[in-house]
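Each chain is listed here by its residues.
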Amino acid sequence: MPKVNLAYIGCGGIAGAHFNGLKELHEKGYRDFTIVACCDLVQSRAEAMATRFEEVLGTKPAVYKDYREMLAKETAIDAVTIYTTHENHHQIAMDAMSAGKQVSTEKPLGLTLRAGRLMMDHAKKTDKLLHVAENYRMAPAERAVSWAIKSGRIGTPRLLNWMDIGERKWYWQWRDHKEIASGGWTIDGGVHFSDLWQLHISDIKRVTAVSKTYDPIKYISYKSVEEFEEAKNSELPRYRPTRSLKSIDPNNLQEPVESNLEDTTSAILEFSNGVLGTWVVSRSAPGRVDRSCVLYGSEGALSWNEGILPREGQSGGLSWKEMIDTYLNSLKADEKEQLFPLGITATMAIEDKQFIDAILGRGAFEVDAWTGYKAMAIPMAVYESAAVGGPVEVQDVLDLKVETYQRELNKLIGI
Ligand SMILES: NC(=O)c1ccc[n+]([C@@H]2O[C@H](COP(=O)([O-])OP(=O)(O)OC[C@H]3O[C@@H](n4cnc5c(N)ncnc54)[C@H](O)[C@@H]3O)[C@@H](O)[C@H]2O)c1
């Protein structure tokens, strides 16, 4: 059985989660892959990841700082997985495809939709696979939500109410910078939610939104002046791209950093099947967290975390856990094996296996580039609508006819 030779590009937080996925696959007997190289701008991260793989797989992947050098030297690589920050997904993917490699990239597909289009066009031109690591939909709970809606448990869906409201004062490194992250939580988390909505409900045809920045200053907290000095001189890009202070007041070990992102958006989503959605995201709302997410139908509601809630006085309710168990029990053995291979429910293991299997010619993966592109288009439509000050048609956003928000980002990455 041939093995797929993988190389990791980006060895930070999410790369560690994918490592856990591959480890679980390996431990459960899935051995159709090996890791030949790990690359990160921060050499110590690539080195640490290579050591972790050595402990599991028995051979140590080569370590690189520069992915282009890695692509040139490691000719045995079949596929790369891109776990870097958003601004370079497109360039790395296109370079890898030009070098003959299959590509899996973490969400979002690219910094902008134009970047995503370039990636998709290049995949077509080079005849390479382009997979998007979009994992939320693979969780048993989300599979159960799809099943519950599609089997009519709440009747015909009508109204989506998605509140994602709270406060974050702490600085989240690159995620607080538009030129690296594309936008705030509306895209970072929103790309997952938008994928779920389009999977569970339908495509979205129109978006009307407003965006605000209430609190642009975020804070890094230190336990001591020494910790500040250590962080300042560290190889890890803790501050990238800004290093706002040269020293810190020992009486107030908080370093303020300015974020150039929106922290609040409020959107109306008009789904193609008639469902009306309200989506509010804020990380500048102190005092009360609101994470209520409910889809109402003609016969009842589905609440994320509460389960299926029938009309008052009627039967058919299921708690969140009962809903998941009922769904899992309804699956035939072959369906279960396809959705949760080897009994695995960890979403990153599932998506990584789908990618490797597709390279080995064992069928298609679930989230292709177009699905990832569409997931990204809804948060982008929120930003575009806020930028133009009125409703935007999602088709126009998909077709790159509206790029008022994204123009500046495209310029920054030279596309
Ligand atoms: N699916 C999920 O649930 C989920 C969760 C978190 C992050 N993500 C995604 O994963 C990606 C990475 O996020 P993270 O949380 O791991 O960030 P991170 O900052 O922890 O790691 C990113 C790593 O990429 C490296 N890097 C950046 N540019 C590089 C380049 N040109 N060459 C080599 N290395 C480079 C950085 O040095 C860093 O180590 C993002 O696309 C993010 O949206 C997905």
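Details of the structure are given in the entry above.
Note that this is a predicted model, so its numbers are computed, not measured. What you see as residue numbers is a count from 1 along each chain, following the sequence as written. With the structure being a predicted model, the display of local features is reserved for residues of pLDDT at least 70 and the display and counting of side-chain atom pairs for 80 or more, all residues being used for whole-chain, interface and lining totals. Side-chain descriptors were evaluated using all non-hydrogen atoms of the structure, hydrogens and water having been removed beforehand.

Trainee: Run through the overall build of the protein, naming residues and quoting values.
Mentor: Each helix is a run of DSSP H or I of at least 4 residues and each strand a run of E of at least 2, with the numbering of both proceeding from the N terminus. Helix and strand counts for the protein stand at 16 helices and 16 strands. Only C-alpha atoms enter the radius of gyration; for comparison, a globular chain is expected to reach 2.2 Å times N to the power 0.38, where N is the number of residues. The C-alpha radius of gyration of the protein comes to 22 Å, within 12% of the 22 Å expected for a compact globule of 415 residues. Principal axes of the C-alpha set define a box for the protein whose edges measure 65 × 60 × 45 Å. Method for areas: the Shrake-Rupley scheme with a 1.4 Å probe, in which residue coverage is limited to the protein chains shown. Working note: accessible area of the protein is about 18000 Å², and carbon and sulfur atoms make up 50% of it. Counted as positive: Lys and Arg. Counted as negative: Asp and Glu, with His and the chain ends omitted from the count. Every charge is mapped to an atom, namely NZ of Lys, CZ of Arg, CG of Asp or CD of Glu. Of the charged side chains in the protein, 49 are positive and 57 negative, and the gap between their average positions amounts to 2 Å.

Trainee: A description of the packing of aromatic side chains should follow, citing residues and the corresponding values.
Mentor: Pairing of aromatic side chains here covers Phe, Tyr and the six-membered ring of Trp, requires ring centres within 6.5 Å, and sorts the geometry by plane angle: under 30 degrees stacked, over 60 edge-to-face, intermediate tilted. Applying the stated criterion across every chain, the model contains 16 aromatic pairs. Between tryptophan 170 and tryptophan 172, the aromatic rings sit 5.5 Å apart at their centres with planes inclined by 70 degrees, giving edge-to-face as the arrangement. Exposed residues in this analysis have more than 50% of their type's maximum accessible area, buried residues have under 20%, and partly exposed residues fall in between, with area computed by a 1.4 Å probe over protein chains only. According to the relative accessible area criterion, tryptophan 170 is partly exposed, its value standing at 47%. Given the relative accessible area of 27%, tryptophan 172 is considered partly exposed. An angle of 80 degrees between the planes, with centres 5.1 Å apart, marks the rings of tyrosine 222 and phenylalanine 228 as edge-to-face. Here phenylalanine 228 falls in the buried class, since its relative accessible area comes to 0%. Clustering of aromatic rings is evident, with ring pairs tying together Tyr136, Trp162, Phe193, Trp197, Trp279 and Trp304. We call a charge positioned over a ring when the NZ of a Lys or the CZ of an Arg lies within 6 Å of the ring centre and within 35 degrees of the ring normal. Of note, arginine 168 hangs over the ring of tryptophan 170, and the distance from its end group to the ring centre comes to 5.2 Å. Directly above the aromatic system of tryptophan 172 lies the positively charged group of arginine 175, at a separation of 4.6 Å from the ring centroid.

Trainee: Please provide a residue-by-residue account of the side chain of threonine 186, values included.
Mentor: Structurally, the position occupied by threonine 186 is in helix α8 (residues 185-188). Under the relative-accessibility criterion, threonine 186 is labelled buried at 1%. In this structure, threonine 186 is in contact with Val191, Glu262, Thr265, Trp279, Val281, Pro379, Val382 and Tyr383, ignoring residues within four places of it in sequence. In what follows, residue pairs with any heavy atoms lying within 4.5 Å of each other are defined as contacts.

Trainee: Describe empty space enclosed by the protein, and please don't skip the residues or the numbers.
Mentor: Each cavity reported here is a set of points on a 1 Å grid over the protein atoms alone in which a 1.4 Å probe fits but cannot get out, each pocket an open set with protein on both sides within 12 Å along at least five of seven lines, and each lining residue one with an atom within 4 Å of a point. Grid points are joined across faces, edges and corners, and a volume is the space filled by probe spheres set on the points. Scanning the entire structure with this criterion turns up 1 cavity of 30 Å³ or more. For the largest cavity, the calculated volume is near 160 Å³. Lining the largest cavity are 20 residues, with Arg168, Gly184, Trp185, Glu262 and Arg283 positioned closest to its centre. Broken down by element, the residue count for the lining of the largest cavity peaks at 3 residues, all from α8. Split into classes, the residues belonging to the lining of the largest cavity amount to 5 nonpolar, 6 polar and 9 charged. Each residue receives one of three labels: charged for Asp, Glu, Lys and Arg, nonpolar for Ala, Val, Leu, Ile, Met, Phe, Trp, Tyr, Cys and Pro, and polar for the others, Gly being one of them.

Trainee: Can you lay out the site of the ligand for me, pointing to particular residues and giving the numbers?
Mentor: Taken together, the neighbourhood of the ligand is formed by 24 residues, with Ile14, Asp40, Arg45, His86 and Trp174 sitting nearest. Arginine 175 places a side-chain nitrogen or oxygen 3.0 Å from an oxygen atom of the ligand. Pairs of N or O atoms are called polar contacts if they sit within 3.5 Å, as long as, within protein, a hydrogen donor faces a hydrogen acceptor (for residues adjacent in sequence, only side-chain-to-side-chain pairs). Within the side chain of histidine 192, a nitrogen or oxygen atom sits 3.5 Å from an oxygen atom of the ligand. In isolation the ligand has 850 Å² of accessible area, and contact with the protein removes 88% of it. Here the criterion for a molecule occupying a pocket or cavity is that more than half of its atoms lie within 2 Å of the pocket grid points. One can see that the ligand is located within the largest pocket. When grouped by side-chain class, the residues that make up the shell around the ligand number 8 nonpolar, 10 polar and 6 charged. Throughout, the term near means that a residue has one or more heavy atoms lying within 4 Å of the molecule or strand in question.

Trainee: With reference to specific residues and values, describe the layout of surface pockets.
Mentor: Using a probe with the size of a water molecule, rolled over the atoms, empty space left in the structure can be pinpointed. Estimates place the volume of the largest pocket at around 1000 Å³. If you list the elements that add at least two residues to the lining of the largest pocket, you get α1 (13-27), α8 and α10 (225-233). Split by residue class, the lining of the largest pocket holds 17 nonpolar, 11 polar and 12 charged. Here the limits of each domain have been adopted from an automatic or database domain assignment. Looking at the lining of the largest pocket, you find at least three residues from each of domain 1 (4-135 + 344-367) and domain 2 (217-258).

Trainee: Give me the lowdown on a nonpolar patch on the surface, citing residues and values where you can.
Mentor: Without a salt bridge and with relative accessible area above 30%, a residue can belong to a patch; like charges are then joined within 9 Å and nonpolar side chains (Val, Leu, Ile, Met, Phe, Trp, Tyr) within 5 Å. By salt bridge we mean one thing: a side-chain nitrogen of Lys or Arg within 4 Å of a carboxyl oxygen of Asp or Glu. Together, Leu159, Ile268, Leu276 and Tyr296 line one region of the surface with nonpolar side chains, adding up to about 340 Å² of accessible area. Summarising the element assignment, leucine 159 is placed in strand β7 (residues 157-165). A residue is classified by how much of its surface remains accessible, and leucine 159, at 40% relative accessible area, is partly exposed.

Trainee: If you had to explain the pattern of salt bridges to someone new, which residues and values would you point to?
Mentor: The full count for this structure, using the stated rule, is 26 salt bridges. Note that aspartate 164 is salt-bridged to arginine 291, the shortest N-O span being 3.2 Å. With aspartate 164 in strand β7 and arginine 291 in the loop between β12 (276-282) and β13 (293-297), the pair connects residues that are 127 residues apart, well separated along the chain. Look at aspartate 164 and you get buried, because its relative accessible area is 4%. Put simply, lysine 169 and aspartate 215 hold a salt bridge, and the shortest N to O gap is 3.7 Å. Residue lysine 169 is found in the loop between β7 and α7 (178-181), and its partner aspartate 215 is found in the loop between β8 (204-212) and β9 (217-221); the two are separated by 46 residues along the sequence. The class for aspartate 215 is partly exposed, based on a relative accessible area of 25%. Overlapping salt bridges, with partners in common, bring together Asp32, Lys353, Asp357 and Arg362 in one network.

Trainee: I'd like a description of the nonpolar core, backed by residues and values.
Mentor: What we call a nonpolar core is a set of buried Ala, Val, Leu, Ile, Met, Phe, Trp, Tyr and Cys residues that are connected through their side-chain atoms within 4.5 Å. Residues Tyr8, Val80, Trp197, Leu302 and Met323 are the most contacted members of the largest nonpolar core, which totals 109 residues. Counting residues per element, this core draws most heavily on helix α14 (residues 369-388), which supplies 10 residues. If sequence neighbours within four positions are ignored, tryptophan 197 has contacts with Leu160, Trp162, Ser202, Ile204, Leu269, Phe271 and Trp279. Among the nonpolar cores identified, the runner-up in size contains 8 residues, and Tyr171, Tyr222, Phe228 and Ile248 belong to it.

This is a description of form; function is not addressed.
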